[in-house]
Amino acid sequence: MVNLAQLTPDTTADLFAQLTQLRRHLHKHAEVTWKEFQTQATIKAFLLEHAQIPEENISVCATTGLVVNIYGPTPADTPTPNGLKCIAFRGDMDALAMTERNPHLEYESVNVGAAHMCGHDGHVTSLVGFAILLQRVRHLLPPHTSVRLLFQPAEEGGFGAVKMIEGGCLDGVDEIYGYHNGPFPLGSVAVRGGPMMAHAAFFSITVSGPGGHGSAPHQTQDPVLAAGHIIVAVQSIMSRSVSAQESAVISITQVHGGEADNVIPSKVTLSGTIRDFSPEVFATIEARLRAIVEHTAAAYGTVGAVTIHDSYPVTVNAHAQASIVTDVVAAAYGPEKVSSLGLPVSGSEDFSYYLQKIPGAFYFVGTKEHNYEPTAADVSNPCCGQKPQNRGLHSDTYDFNDDILPITARLFLELAQHRLGCTLYSKADMELISK
């Protein structure tokens, strides 16, 4: 257990060294959506040993998640204060269903088809570090207040936030905050009020025809030809059907058809994703996509059909809480360290469901060193020579940047004391934490 009886450069260095070990352990033993049982057990054991949080304050939620409560004092002769009583912070736990390609890392995932290529191992570790630092000063929280930590499973398409909410994780919570690492300059924070991340939907297209011999296309109808024209036509939706003042992305990411070089197949399938920031824009995209598929396919004598699966809604930050994040970062690190440039982004997040229920804010913390952009050579031989590690999310050569763990833990602390109106650590101690 790290001794934090008094914060010193040595004790804080020891803390973040242990947190780095935890993060890399989680990385090595990555678990995908709804399979995070060992991750859950590891987090709980670490909180019990290193944060010394009583076991009764740690409860299972959404099967593989955890809800952790850290309580301020509750003197019987002190009335419950007006204002905020409980602030929540969230860290997502699951890995992506993909295989890592970082053989130079000693902690490369050992689980085939499971890899922390989105940095959730780092998000969890930030929350654990916050828990350790907060638990030791819980007596400084205002009477009858608390901080709730949400270790959430299944963010990667599993609607884990929905299950956590159904499990009561927001009961009694006034505000919620969370962050995601991102390829912004190292140590910078990106945040804004309003839309922060996109609504996501996924589509599949089938183009069907009778098929036939590759030597006699005139004797059949060719779904490959129709699919090619559909691919091109879909790219006209944004340029010709959506206002230039709006923003959205339509990407066809998979094309499948055929089994032999001399056979025109009877079916071609396409699939991809839609990202937008407005229900009206999405409705336009959906209508145009269906029309293009059906009519383009018909023009080539084939039949086209579209299936759309809706996913996470737009992540919308409350303006007041986003401004609070901005103010907290500016006070801690300087106004040059916080910006809204590059926002909103077209990724999606189930943190959106929390923000539909209560006020809060979601923000990015930058992990990219020296504006590094990976090249094709780096991808084929990652981290060769002195090249920095790839920080681009969802790449199979990505890794979370441990250098931001002190920053993310400090920002959670700063937000907690700001929102609950207390001083948990002096400015000098805060600087020791994030030095």
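All of these numbers come straight from a predicted model, not from anything done at the bench. (Residues numbered from 1 in each chain as written. Predicted model: local features only at pLDDT ≥ 70, side-chain atom pairs only at ≥ 80, totals over all residues. Heavy atoms only, no water.)

Caption draft 1: Summary view of the overall build of the chain. Along the backbone of the chain there are 12 helices and 16 strands. Across its three principal axes, the chain shows a C-alpha extent of roughly 85 × 50 × 40 Å. With 435 residues in all, the chain has 53% of them scored as buried. Counting contacts in the chain only where the partners sit at least 6 residues apart, residues at least 24 apart contribute 78% of the total. (Helix = DSSP H or I, 4+ residues; strand = E, 2+ residues; numbered from the N terminus. Buried < 20%, exposed > 50% of the residue type's maximum accessible area, 1.4 Å probe, protein only. Contact = heavy atoms within 4.5 Å.)

Caption draft 2: Quick look at the sheet that holds strand E12 (residues 267-276). Read across the open sheet, the four strands follow the order E10-E12-E8-E13; overall the sheet is antiparallel. With partners counted over all chains shown, the strands left at the sheet margins are strand E10 (248-257) and strand E13 (303-310), one partner each. The mean angle between the axes of side-by-side strands here comes to 20°, regardless of whether they run parallel or antiparallel. Direction of pairing for strand E8 (residues 199-208) relative to E13: antiparallel, over a ladder of eight bridges. Directly across from Phe203, in E13, lies its bridge partner Ile308. Most of the contacts of helix H5 (residues 223-234) go to E12, to which it runs at about 10°, and overall it touches E8, E10 and E12. Helix H7 (residues 279-299) contacts E8, E10, E12 and E13 of the sheet and is inclined by roughly 160° relative to E13. (Pairing = 2+ DSSP bridges. Axes fitted to C-alpha atoms, helices over the stretch in contact; angles between N-to-C directions.)

Caption draft 3: Representation of unusual backbone geometry in the model. In this structure, the amide linkage connecting Leu343 to the following residue, Pro344, adopts the cis form with an omega of -5°. Tracing the chain through its elements places Pro344 in the loop between strand E15 (338-339) and helix H9 (351-357). The phi angle at Gln52 is positive, at roughly 55°, despite the residue not being glycine.

Caption draft 4: Molecular detail of the UniProt feature "binding site: Mn(2+)" (unreviewed entry) in the chain. The positions that UniProt labels "binding site: Mn(2+)" (unreviewed entry) are, in the present scheme, Cys118, His120, Glu156, His180 and His394. Sequence-wise these annotated residues cover 277 residues; spatially they are packed, their C-alpha atoms never more than 13.0 Å apart. Position of Cys118 among the secondary structure elements: in the loop between strand E3 (86-92) and helix H3 (120-135). Exposure remark for Cys118: the relative accessible area of 6% places this residue in the buried category. Setting aside its immediate chain neighbours within four residues, Cys118 contacts Leu96, His123, Glu156, His180, Asn181, Leu393, His394 and Tyr398. Mapped onto the elements of the fold, Glu156 is located in the loop between strand E4 (146-152) and helix H4 (160-166). (UniProt positions renumbered as here; feature names shortened; annotations may be inferred.)

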